[in-house]
Amino acid sequence: MERRQVVAVTGDGTNDGPALKKADVGFAMGIAGTDVAKEASDIILTDDNFTSIVKAVMWGRNVYDSISKFLQFQLTVNVVAVIVAFTGACITQDSPLKAVQMLWVNLIMDTLASLALATEPPTEALLLRKPYGRNKPLISRTMMKNIFGHAIYQLVIVFTLLFAGEKIFDIDSGRNAPLQAPPSEHYTIVFNTFVLMQLFNEVNARKIHGERNVFNGIFKNPIFCSIVLGTFLVQILIVQFGGKPFSCTELSIDQWLWCVFLGMGTLLWGQMIATIPTSRLKFLKEAGLGTQKEEIPEEELEEDIEEIDHAERELRHGQILWFRGLNRIQTQLRVVNAFRSSLYEGLEKPESRSSIHNFMTHPEFRIDDSDTQIPLIDDSDTEDGTQKQPDSSPKLSISSPKLSINENNNAVDSGIHLTIDTSKSATSSTPGSPLHSLETSL
């Protein structure tokens, strides 16, 4: 699992939510997909077309390469600018690049370069190479080779112009000049050459995998072309008409051609760097590598796992809704069972009270002798004039009523417990007896 590849998952249903969330890249369908799948995914295909995944891969790789291109260009400018400003200030007691000039360099380095390099359109050539691994560093060894290689060329040119430029161009030296001295041609050439080298190095930064043709597809990106051309025109205005605010003076045509030639030398130098195999440069190290699992304490790993699990549980809305529904049903069942148990409290066999015939067959309902005796009068008795003795007639008693549930029709029976004590009756019930009349009526 530590060396596994990047996994992508597609889905459109609620049951696909956990897999979409667990995967490195989750694709959900925008039309047929559910809300749970959309929230758990990373990319939503608005047209529900699987061919859009290819476009997504192309754009993903293009964004990754655009970031690498910008980092390669920016680090090269930073290395050269910092070394030139620090070394020049230590040796000549004055920085070759003035404050306003450094602001213009930063503008080229940050804003304009990011717009130019980050707007490269994706091409099918991005699909021909292998994908990056999950532990792939952001700055590869090839990029480190380009950064240090171009930095060496630019430092050599800048220091050569700084310490021997007055002899090469036969001009006055700008070193050790008074504080209030006017701008010199010497330092203007240094500044102009430095900016033009960055401008042409921006073209080199379009390729970060060792490609030789750095002009491939350059005209397909009008933003890049316009930024490079606009930067060159602004540089001409700054040098020729900037004057004292930019610490520049006018240069001749020959001086401009030399500056452009030295700037274009970065393109030729880039071809020489591409011929050097990266495998032979063992001293180069990768940068931007993520923290390895062995370097992370176990406590932090456990906390991260808990946070990931908690986030996954929050996004599984479908499962949560099901769990809530089941909990509600279980709660209602518990309430019903509790209500029924309260009704059946004190009854051992509530199922036997379903009909009046069951009441007559249970022997536990006995006649209490202390209950009030109810005489039974029948029409035949009045005609014959005979009257039975109370001791010889069966006794009927009404015990305390208890409610019970009729399981057949779910109705509440009156629960009057009636039993007949046959131990005190000497004769069985006959068709004309009062007991027989009571049984028939019941």
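Residues numbered from 1 in each chain as written. Predicted model: local features only at pLDDT ≥ 70, side-chain atom pairs only at ≥ 80, totals over all residues. Heavy atoms only, no water.

Let's shift gears to the overall build of the protein. Helix and strand counts for the protein come out as 13 helices and 5 strands. For the protein, the proportion of its 442 residues judged to be buried stands at 35%. A fraction of 67% describes how many contacts in the protein between residues 6 or more apart in sequence connect residues 24 or more apart. Surface exposure of the protein reaches about 27,300 Å², of which carbon and sulfur atoms provide 60%. (Helix = DSSP H or I, 4+ residues; strand = E, 2+ residues; numbered from the N terminus. Buried < 20%, exposed > 50% of the residue type's maximum accessible area, 1.4 Å probe, protein only. Contact = heavy atoms within 4.5 Å. Areas by Shrake-Rupley, 256 points an atom, 1.4 Å probe, with all protein chains shown as cover.)

Before going further, it helps to spend a moment on helix α7 (residues 222-241). The first and last C-alpha atoms of α7 sit 28 Å apart over 20 residues, in line with the 28 Å expected at 1.5 Å per residue. For α7, the set of buried residues is F224, I227, V228, T231, Q235, I238, V239 and Q240. Those residues of α7 that are buried are in contact with α4 (99-118), α6 (185-204) and α8 (253-275). Of the residues trailing α7, G243 is marked for its positive phi of about 65°. (Expected span 1.5 Å × (residues − 1).)

A positive phi angle is found at D48, which is not glycine, with a value near 55°. Its location among the elements puts D48 in the loop between β3 (43-45) and α3 (52-92).

Attention now goes to the sheet that holds β3. Spatially, β1-β2-β3 is the arrangement adopted by the 3 strands of the open sheet, whose pairing is parallel. Both outer strands of the open sheet, β1 (8-11) and β3, are each paired with one neighbouring strand and no more. Mean inter-strand twist for the sheet, computed between neighbouring axes without regard to direction, equals 25°. Relative to strand β2 (residues 25-29), β1 is paired through 4 bridges, and the arrangement is parallel. Residue T10 lies in a different strand from β2, and its bridge partner there is F27. Along the sheet, α3 contacts β1, β2 and β3; its crossing angle with β3, the most-contacted strand, is approximately 145°. (Pairing = 2+ DSSP bridges. Axes fitted to C-alpha atoms, helices over the stretch in contact; angles between N-to-C directions.)

Here we take up α8. Taking 1.5 Å of rise per residue, the 23 residues of α8 would be expected to cover 33 Å, and the 34 Å separating its terminal C-alpha atoms lies within 8% of that figure. Turning to α8, its buried residues are Q255, W256, C259, L262, G263, G265, T266, L267, G270 and I273. Contact partners of the buried residues in α8: α5 (141-169), α6 and α7.

This part is about the packing of aromatic side chains. Tallied over the entire structure, the rule returns 6 aromatic pairs. Between the aromatic rings of F169 and W258, the centroid separation amounts to 6.4 Å while the plane-to-plane angle is 85°, which identifies the pairing as edge-to-face. Taken as a pair, F169 in helix α5 and W258 in helix α8 lie far apart in primary sequence, 89 residues in all. The class of F169 is buried, set by a relative accessible area of 16%. (Phe/Tyr/Trp six-rings, centres within 6.5 Å; stacked < 30°, edge-to-face > 60°.)

On to the nonpolar core. In a soluble, globular protein the nonpolar side chains are often hidden away together inside. Residues L161, I189, F191, F194 and F224 are the most contacted members of the largest nonpolar core, which totals 47 residues. Of all elements in the fold, only α3, α4, α5, α6, α7 and α8 reach the threshold of two or more residues within this core. Among the elements that make up this core, the one with the highest residue count is α6 (10 residues). Sequence-distant contacts of F191, that is, excluding residues within four places in its chain, are made with L97, Q101, W104, V105, Q235, I238 and C248. If you look at the next biggest cluster of nonpolar residues, it comprises 7 residues, including I139, M143, I208 and L284. (Core = buried A, V, L, I, M, F, W, Y, C linked by side-chain atoms within 4.5 Å.)

Bear in mind that shape data such as this cannot, by itself, settle questions of function.
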